[in-house]
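# A structural walkthrough
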Amino acid sequence: MRTLLALLALQPGRATTCDALIGAIWGDSLPVDPANALQTLVKRLRAVLPEHAVVESDGGGYRLRVAADDIDVHRFTRLAEEGIGRLAAGDAGAAARTLDIAFGLWRGPAFADLADHPDLYWHADRLNQHRLHAVEARADAYIALGRGRELVASLEAELRDEPLRESLAVRVIHALTTAGQSGRAREVFDATRTQLRRELGVPPSRELVLALDRGDSAAAPATPALPVRLTSLIGRKPDLNHVAALLSSTRLLTLTGPGGIGKTSLALEAATRLAPRWPDGCRLIELAAIGDAATAGEHLLAALGLHADPNSVHACPIHRPAVGAEVLLILDNCEHVLDIAELVADTLSRCPNLTVLATSREPLGINGETLFPVRPLASPRPGSAPAEALGSAAVHLFLDRARAVRSGFTLTDENCETIAAICRRLDGIPLALELAAARVHTMTPAQILRRLDDRFRLLAGKRSAVERHRSLYTAIEWSWDTLAAPERRLAQRLWLFPDGATLETLQEVGPGDILAPLSRLVNKSLVEFDGRRYRMLETIRAFVGSTVCSEQSVA
């Protein structure tokens, strides 16, 4: 019953289908009569809920009719985002007060003992990560107010749980130095440096070193370090070389492609390798965690030391202490906040030494933008021998990630064609390959291949990933949810053609002007155009097919 409540509470006011609830609650161990068992659970849940929270039936599913603010997890998220936004706007006092209220709602790990449930653990991990961002924001607010000493004990406890999180160590050092505990700050620095070298084999970041050296200026929040990759980037050397060349000739480069294709990994690896080009450093803004243009704009300007013009509808920067700084700004997941494009264009025009490296499922659409489509990894042709298959980037990635969960796993004459077929069926999409490789821990490659017809159920997991990459389904669902009705209808029309179709063929199949929706599908990286034919990757086509089947079952 608690699992049912958690699933419904994640989306208050929105219906979840009975099939989805049954699959999430019982998995493969279904009761004799799943529908009746679900109805029984719903009745029991209704009996214990307060009067203002009602479980309603909705067609083929159920929804929890309750205000989002009546659920702690949603209220915490709203308040945390509000506090982070107020801090970015320069109001540390309001930020501290708002974040204090948010943390008053947090009583323990997200979802408690349900956190390991297959359909909840990525939500739990997302919330725990969001909480850590809020912890750091509250630390920045307290430090700016001269109250850093109040959080020393709690921040040190957080760092004991997250010893490799350099951005958190930076806040601990700031709080300690403002509290006059420079000796303890040195101990925290030394312990973090030792941990980084032992666990990751990397030195401390420039930001961590500067945090120790700032002393009296510790109240100024530090620029976060670029995330350190915990896995190797495979099959992208030509792309890295191409990106490096493009960043020498353009000031706005956008890496495009569908969800899970590896845009963020490529951008961060390129920034890390090319960092010496920008003496004043690299800044990363993760737009998927922000979600609205106003807050995103505040983060962008704050990252560059700029301020918004209160009289301008475009939030143009007017105070520019860093206007001459040579900085690389990485804007990750711009498709979440495409309205930021105008501010990016204006900031580039006012900061001549700024370079922007963006990742997005669709172009920003501003002057001076250079596009670099990130393609799937190459898969081996059918019948390839092991030696030839090993030269495939897709197989290389699959083997690397499989060995992480099953030591000694290797490519053999017996499993070569099966692994190659998995790579081809998954279109060489890195996220899909990593999720499939994780299954090697409990399944054989042949068992994985047989289950790819139900790939979205099979390829779920990856707790450490950001929410949009916790499953193959959610990586595509986000893009699908942004489509208008004409675009969805056209995508479902294209689904009828496994090998793609020409413009003329698509026009013959159905009525109406298809040029505009077809262009939007290409821009959103859901459809590829090879100069003659329009086609979908098999994985995207499988998702579209699931929507067709769902609509037919409802009808």
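Because the structure is a prediction, the values reported are computed rather than measured.

Another aspect to go through is the pairing of strand β2 (residues 54-58). For β2 and strand β3 (residues 61-65), the ladder comprises five bridges, and the chain directions are antiparallel. Bridged to Glu56 within β3 is Arg63. Here β2 hands over to β3 after two residues, with Gly59 in that stretch at a positive phi of 60 degrees.

Let us look at the pattern of salt bridges. For the structure on display, the rule yields 26 salt bridges. Between Glu388 and Arg381 there is a salt bridge, with its nearest N and O atoms 2.9 Å apart. A relative accessible area of 37% means that Glu388 is categorised as partly exposed. Assessed through its relative accessible area of 49%, Arg381 is described here as partly exposed. Put simply, Arg425 and Asp453 hold a salt bridge, and the shortest N to O gap is 3.1 Å. Of this pair, Arg425 sits in helix α17 (residues 416-425) while Asp453 is found in the loop between α19 (445-450) and α20 (455-458), placing the two residues 28 residues apart along the sequence. If you follow the salt bridges from partner to partner, you end up with Arg425, Asp453, Arg455 and Glu538 in one network.

Further remarks concern the sheet that holds strand β9 (residues 354-360). Spatially, β5-β8-β9-β4-β10 is the arrangement adopted by the five strands of the open sheet, whose pairing is parallel. Of all strands in the sheet, those bounded by a partner on one side alone are β5 (282-286) and β10 (370-373). When the angles between neighbouring strand axes are averaged without regard to direction, this sheet yields 20 degrees. Inspection of the sheet shows β5 paired to strand β8 (residues 327-332) by five bridges, in the parallel sense. Of the residues in β8, the one forming a bridge with Ile285 is Leu331.

Taken as a whole and judged by the stated rule, the model has four aromatic pairs. Judged by centre distance (5.8 Å) and plane angle (75 degrees), the ring pair of Phe76 and Phe103 falls under edge-to-face. With Phe76 in helix α4 (residues 72-88) and Phe103 in helix α5 (residues 92-103), this pair connects stretches of sequence that are 27 residues apart. Residue class for Phe76 comes out buried when judged on its relative accessible area of 2%. With a centroid separation of 5.8 Å and an interplanar angle of 65 degrees, the aromatic rings of Trp480 and Phe543 are classed as edge-to-face.

With that settled, consider α5. Spanning 12 residues, α5 covers 16 Å between terminal C-alpha atoms, matching the ideal 16 Å at 1.5 Å per step. The buried count for α5 comes to nine of 12 residues, which makes it a mostly enclosed element.

Definitions and limits used
- Residues numbered from 1 in each chain as written.
- Predicted model: local features only at pLDDT ≥ 70, side-chain atom pairs only at ≥ 80, totals over all residues.
- Heavy atoms only, no water.
- Pairing = 2+ DSSP bridges.
- Helix = DSSP H or I, 4+ residues; strand = E, 2+ residues; numbered from the N terminus.
- Salt bridge = Lys/Arg side-chain N within 4 Å of Asp/Glu carboxyl O.
- Buried < 20%, exposed > 50% of the residue type's maximum accessible area, 1.4 Å probe, protein only.
- Axes fitted to C-alpha atoms, helices over the stretch in contact; angles between N-to-C directions.
- Phe/Tyr/Trp six-rings, centres within 6.5 Å; stacked < 30°, edge-to-face > 60°.
- Expected span 1.5 Å × (residues − 1).

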